[in-house]
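# Fold and contact review
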Amino acid sequence: MSYKIHMMGQNDPRTLYQFDRLYAWKHGFEFAPATVELCTTNACNQNCKYCYAGRTATVCKIQDDILLHCFEQFADAGVGAVIIQGTGEPLLHDLLAQAIENGAKRNLPIWLTTNGVLFSDDLCRRILPFLFCLKISVLENDAERYAKQHGCGKSQWHRLIENIETIVAMRASLNLPFGFTSTVYLTEHNFRHLYHIVKFCKDIGFDFVYISEPSHNTKSLSNEGYASDHMDRNELNDVCAQIMELVDDDFKITFKLHCSGDILTGAGMHTWEKNYCQGIKFYTIVNCDGEVYPCWRYWGNKPYSYGNLYEKSFSEIWQSEQRKQIEKLVMETPPDGDECLVCGHCRLNDLLNGFKKATKWVHFL
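For the structure given in this document, a descriptive report is provided here. (Residues numbered from 1 in each chain as written. Predicted model: local features only at pLDDT ≥ 70, side-chain atom pairs only at ≥ 80, totals over all residues. Heavy atoms only, no water.)

### Considerations on the overall build of the protein
- When its secondary structure is counted, the protein shows 12 helices and 10 strands.
- The C-alpha radius of gyration computed for the protein amounts to 20 Å, which stays within 12% of the reference 21 Å derived for 365 residues, consistent with globular compactness.
- Across its three principal directions, the C-alpha atoms of the protein cover 50 × 45 × 45 Å.
- In the form shown here, the protein has an accessible surface area of approximately 17400 Å², with 51% of it arising from carbon and sulfur atoms.
- Across the protein, the 36 positively charged side chains and the 44 negatively charged ones have centroids separated by 4 Å. (Helix = DSSP H or I, 4+ residues; strand = E, 2+ residues; numbered from the N terminus. Rg over C-alpha atoms; globule rule 2.2 N^0.38 Å. Areas by Shrake-Rupley, 256 points an atom, 1.4 Å probe, with all protein chains shown as cover. Lys, Arg positive; Asp, Glu negative; His and termini not counted. Charge placed at Lys NZ, Arg CZ, Asp CG, Glu CD.)

This is the structure in structure tokens:
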């Protein structure tokens, strides 16, 4: 399979292609979000040291009927795509495959992020034909390093590799049109193995690898900081250059390292700007309890919920006065601590801020 077929455009400034939404946003009109992130459950079969989901003893799964019909609601509301990930492992929900099938019937592009360990042959056959992209979270080529990073037994790594081989073979045999990608985290423990980890990803069949570093906040199980900040820059540059030699037409790599300023983090208490966070208009989150939240900062904080899918449809929630009031409150309230440091909207906000500040020079191309 070819990167050109499945992953072309992955690195484009996709926000700038949201012509209708950008026009509506600029002129103060209402519009549906481009992306909805859906959390099917907060339960997980791993205990990743970099996770900032804030594990709780109470297991939550989105109600079966809501999961099966929410994709229809997203499509009816005008949502552009759905990312299934969240605060737990999506494959732990028994009806995930049926829900994805329902979403595909409404032509919704669906991205699934999973640790991949719980895939079975049956799940692969049911899910893979309906995906736009499949992402395996944080891969290693060594079972022991994987187990330490993911807080699990080494047997999970072996199971994952078997599943990846099944996924790659099934995609090829059925000519399935989904992208296959993974993240590799740079740490002080795997730095000198990084080339072999990425080569392993290429050899096993991934189209694209995103090499980055975990962001941390007070909810993270550990806070080791950014490894690249403490490494010899010349040695790091040499390793990165060697890794980039693996790139070809069918395999692409992106580096986002903190030492190079490529990792954007959200605002802190002293850098926050009023009305800067406009990304919540374009991207929203549905939690496993049905609550619809503006962003990761307020995930699980019910006073900041737009509404609940158990009580209203997604369209009703998105068009409600409550959403508009919460949105205004979010953009006028600075963070209490470091909860925004792991923000996924920061690049989106950066692009929108540049768009908003366009001057009269904009027409001189």
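On we go.
### With respect to the nonpolar core
- One finds Phe71, Phe74 and Ile127 to be the most contacted residues of the largest nonpolar core, which totals 98 residues.
- It is helix 3 (residues 64–77) that provides the largest number of residues to this core, a total of seven residues.
- Apart from the residues lying within four places of it in its own chain, the contact partners of Phe74 are Val36, Val79, Val82, Leu108, Val286 and Phe314.
- Listed in part, the five residues of the second largest apolar core include Tyr50, Cys51, Val138 and Tyr185. (Core = buried A, V, L, I, M, F, W, Y, C linked by side-chain atoms within 4.5 Å. Buried < 20%, exposed > 50% of the residue type's maximum accessible area, 1.4 Å probe, protein only. Contact = heavy atoms within 4.5 Å.)

### A word on the pattern of salt bridges
- Under the criterion given, the structure shown has 15 salt bridges.
- Between Asp203 and Lys199 there is a salt bridge, with its nearest N and O atoms 2.9 Å apart. Of this pair, Asp203 and Lys199 both sit in helix 8 (residues 194–204), separated by four residues, roughly a single helical turn.
- Three or more residues are tied together by salt bridges with common partners; here these are Glu30, Lys281, Arg323 and Glu327. (Salt bridge = Lys/Arg side-chain N within 4 Å of Asp/Glu carboxyl O.)

### Structural notes on the packing of helix 6 (residues 143–150) against helix 7 (residues 154–174)
- Put simply, helix 6 and helix 7 touch, their axes get as near as 8 Å, and they point 110° apart. By the angle between their axes, helix 6 is roughly perpendicular relative to helix 7. The interaxial crossing formed by helix 6 with helix 7 has right-handed handedness. Along its contact with helix 6, which presents Ala143, Glu144, Tyr146 and Ala147, the element helix 7 presents Lys154, Gln156, Trp157, His158 and Leu160.
- Taken together, the residues that form the contact of helix 6 with helix 7 break down as five nonpolar, two polar and two charged. (Axes fitted to C-alpha atoms, helices over the stretch in contact; angles between N-to-C directions. Parallel < 35°, antiparallel > 145°, perpendicular 65-115°, else oblique. Left-handed = near helix turned anticlockwise from the far one by under 90°. Nonpolar A, V, L, I, M, F, W, Y, C, P; charged D, E, K, R; others polar.)

### Description of the sheet that holds strand 2 (residues 81–85)
- Pairing in this open sheet of 10 strands is mixed, and the strands run 7-6-5-4-3-2-1-8-9-10 from one edge to the other. Each edge of the open sheet carries a strand with a single partner, namely strand 7 (252–255) and strand 10 (307–308).
- As judged from the four bridges shared by strand 3 (residues 110–114) and strand 4 (residues 133–136), these two strands associate in the parallel manner. Within strand 4, the residue paired with Thr114 across the bridge is Ile136.
- Across the sheet, helix 4 (residues 96–105) touches strand 2 and strand 3, and the angle it forms with strand 3 is around 160°. (Pairing = 2+ DSSP bridges.)

### Topic: the packing of helix 3 against helix 4
- Remark: helix 3 packs on helix 4, axes separated minimally by 8 Å, with the N-to-C direction vectors making an angle of 20°. Comparing their axes, helix 4 and helix 3 come out roughly parallel. Once helix 3 is placed against helix 4, the crossing between them reads as right-handed. On helix 4, the residues that touch Leu67, Leu68 and Phe71 of helix 3 are Leu96, Gln98, Ala99, Ile100, Asn102 and Gly103.
- Class assignment of the residues belonging to the contact of helix 3 with helix 4 gives a composition of six nonpolar, three polar and no charged.

### Description of the pairing of strand 6 (residues 208–212)
- A large share of strand 6 lies buried, amounting to four of its five residues.
- Here five bridges tie strand 5 (residues 179–185) to strand 6, and the two strands are oriented parallel to one another. Paired with Val184 across the bridge in strand 6 is Ile211.
- Here strand 6 pairs with strand 7 via four bridges, running parallel. Looking across to strand 7, one finds that Ile211 is bridged to Phe255.

### Re a nonpolar patch on the surface
- Taken together, the side chains of Leu16, Tyr17, Phe19 and Phe355 define a hydrophobic patch exposed on the protein surface, amounting to about 410 Å² of accessible area.
- Mapped onto the elements, Tyr17 comes out in the loop between helix 1 (3–6) and helix 2 (19–26). (Patch = residues over 30% accessible without salt bridge, like charges linked within 9 Å, V, L, I, M, F, W, Y side chains within 5 Å.)

### A closer look at helix 9 (residues 233–244)
- Compared with an ideal rise of 1.5 Å per residue, which puts 12 residues at 16 Å, helix 9 spans 16 Å between its outermost C-alpha atoms and is within 8% of the ideal.
- Residues of helix 9 that are buried include every one of Leu236, Val239, Cys240 and Ile243, and no others. Viewed end-on, helix 9 has its buried residues packed into an arc of 100°, placing them on one side of the element. The exposed residues of helix 9 that point more than 90 degrees off its buried face are Asn234 and Asp238.
- In this structure, the buried residues of helix 9 make contact with helix 8, strand 6 and strand 7.
- For helix 9, the side-chain oxygen to backbone nitrogen distance between the N-cap and Asn234 is 3.1 Å, and the N-cap itself is Asp232. (Expected span 1.5 Å × (residues − 1). Arc of directions from axis to C-beta. Polar contact = N/O pair within 3.5 Å; in protein donor to acceptor, adjacent residues only side chain to side chain.)

### Side note on unusual backbone geometry
- In this structure, Asn107 is a non-glycine residue whose phi angle is positive, near 60°.
- Position of Asn107 among the secondary structure elements: in the loop between helix 4 and strand 3.
- With a relative accessible area of 67%, Asn107 lands in the exposed category.
- Despite not being glycine, Asn275 has its phi angle at roughly 65°, a positive value.
- Considering the arrangement of structural elements, one finds Asn275 in the loop between strand 7 and strand 8 (283–286).

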